[in-house]
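Residues per chain are reported as follows:
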Amino acid sequence: MGFSLSVVFSVMRLRCCCQHRKVTNSYLKSMRCLHLESSRLITEQDFELTETALKRKHKGKLFCKSRRVESIYIVREEVANIVCDNIPADDATVLEINPGPGVLTRRLLDSGVKQLRAFESNDEFLPYMMKLQKEHPEKLTIIPHNLTALSSIAARDKVTRENNALSMFEGIRSQPWDSDPPLRIVGVITQRRYTFVRHLLFRISSMSGIYSLGRCELLLFLPHKEYWVQTLARS
């Protein structure tokens, strides 16, 4: 199902907050990097999530009208409610793509999600994530990668012999295919990241990749055209 959304855009190129450092499989080391790069004095007003406040602080990145963007962020409460209304109350870990200022992130945490992993590689939005993590230390984990670059990260791991792709899913218990899903992926997919969806769909038949954990669910916003391409090609 496609939605006509008033969404926000980021024109920043994909980059990791641990750039120029060797990223290990340890989340603790990654989190230390996040705290070092985002340590600055911030007032409560800086975390205001109204559309007016976000336009004032992040207009250049969140409200760009270009279609060739790297990331799209959800900033409207009604859109966040659509996502949360379609997530049942179970033990599945939720993986959020590009949480940005955290409008959907906060809504997910308040709705009763037990484990949430926020994949945010943009330093500008890390203070929002860190504030939420302080409020929900047992629920929220920040991962400094762009989840939609999963296939590229996995290919790079083969060269560097690291396990950055696998570490994203560390600690998630596998489930039988006919049982409840072990994880759900939520977010908005841009035109530049269609290969991410195709990569996931390709893995279903072989039950490999994330589907080796079980029957994972995708709650993704896609343009109508890409949705038709993916569904008609398999009908």
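Our structure's up above, just so we're on the same page.
In this report, the structure presented in the accompanying data block is examined. (Residues numbered from 1 in each chain as written. Predicted model: local features only at pLDDT ≥ 70, side-chain atom pairs only at ≥ 80, totals over all residues. Heavy atoms only, no water.)

So, the overall build of the protein
Inference 1: Per the secondary structure count, the protein includes 9 helices and 7 strands.
Inference 2: Buried residues in the protein amount to 49% of all 235 residues.
Inference 3: In the protein, once contacts between residues fewer than 6 apart in sequence are set aside, the share between residues at least 24 apart is 73%.
Inference 4: As displayed, the protein offers around 12,700 Å² of accessible surface, 52% of which is attributable to carbon and sulfur atoms. (Helix = DSSP H or I, 4+ residues; strand = E, 2+ residues; numbered from the N terminus. Buried < 20%, exposed > 50% of the residue type's maximum accessible area, 1.4 Å probe, protein only. Contact = heavy atoms within 4.5 Å. Areas by Shrake-Rupley, 256 points an atom, 1.4 Å probe, with all protein chains shown as cover.)

Some points on unusual backbone geometry
Leaving glycine aside, a negative phi is the common case for residues, and trans is the common case for peptide bonds.
Inference 1: Its identity is not glycine, yet Asn98 carries a phi of approximately 50°, on the positive side.
Inference 2: Tracing the sequence through the fold places Asn98 in the loop between strand S3 (93-97) and helix H4 (103-110).
Inference 3: Located in the positive-phi region is Met207, a residue other than glycine, with phi close to 50°.
Inference 4: Counting through the fold element by element, Met207 comes out in the loop between helix H8 (194-204) and strand S7 (217-221).

With respect to the pairing of strand S6 (residues 183-188)
Inference 1: Counting buried positions along S6 gives 6 out of 6 residues, so the element sits mostly inside the fold.
Inference 2: Residues Leu183, Ile185 and Gly187 line one face of S6 and the alternating positions Arg184, Val186 and Val188 line the opposite face, and both faces are buried.
Inference 3: Judged from the 4 bridges that link them, S3 and S6 form a sheet pairing that is parallel. When the sheet's bridge partners are listed, Val94 is paired in S6 with Arg184. (Pairing = 2+ DSSP bridges.)

Describing the packing of H4 against helix H5 (residues 126-135)
Inference 1: Relative orientation of the contacting elements H4 and H5 amounts to 10°, with a least axis distance of 10 Å. The angle between H4 and H5 places the two elements in the roughly parallel class. The element H4 and its partner H5 pack so that their crossing is right-handed. Residues Thr105, Arg106 and Leu109 of H4 form the contact with H5, whose own contacting residues are Met129, Lys131, Leu132 and Glu135.
Inference 2: Split into classes, the residues belonging to the contact of H4 with H5 amount to 3 nonpolar, 1 polar and 3 charged. (Axes fitted to C-alpha atoms, helices over the stretch in contact; angles between N-to-C directions. Parallel < 35°, antiparallel > 145°, perpendicular 65-115°, else oblique. Left-handed = near helix turned anticlockwise from the far one by under 90°. Nonpolar A, V, L, I, M, F, W, Y, C, P; charged D, E, K, R; others polar.)

Topic: the sheet that holds S3
Strand pairing in a sheet relies on backbone hydrogen bonds. The paired strands run either parallel or antiparallel.
Inference 1: Reading across the sheet, the 5 strands line up as S5-S4-S3-S6-S7 and stay open at both edges, with parallel pairing between neighbours. Lying at the two open borders of the sheet, with one neighbouring strand each, are strand S5 (140-143) and S7. Recorded for the sheet is a direction-independent mean angle of 15° between the axes of neighbouring strands.
Inference 2: H4 contacts S3, strand S4 (116-119), S5 and S6 of the sheet and is inclined by roughly 170° relative to S3.
Inference 3: Those strands touched by H5 are S4 and S5, and its axis lies near 155° from that of S5.

Observations regarding H5
Inference 1: The element H5 is largely enclosed, with a buried count of 8 among its 10 residues.
Inference 2: If you check which residues of H5 are buried, you get Leu126, Pro127, Tyr128, Met129, Met130, Lys131, Leu132 and Gln133.

Side note on the pairing of S7
Inference 1: Strand direction decides the pairing type here: S6 and S7, joined by 5 bridges, are parallel. Across the sheet, the residue bridging to Val186 is Leu219, located in S7.
Inference 2: Read as a crossover between parallel neighbours, the route from S6 over H8 to S7 is right-handed. (Right-handed = clockwise from strand over helix to strand, strands pointing away.)

A word on the pattern of salt bridges
Inference 1: According to the stated counting rule, one finds 7 salt bridges in the structure shown.
Inference 2: With its nearest N and O atoms 2.6 Å apart, the salt bridge here joins Asp91 to Lys114. Residue Asp91 is located in the loop between helix H3 (77-85) and S3, and its partner Lys114 is located in the loop between H4 and S4; the two are separated by 23 residues in the primary sequence.
Inference 3: In this structure, Glu135 engages Arg106 in a salt bridge whose closest nitrogen and oxygen atoms are separated by 3.2 Å. Taken together, the residues Glu135 in helix H5 and Arg106 in helix H4 connect sequence positions 29 residues apart.
Inference 4: Several salt bridges share partner residues, and in doing so they unite Asp90, Arg184, Arg215 and Glu217 into one network. (Salt bridge = Lys/Arg side-chain N within 4 Å of Asp/Glu carboxyl O.)

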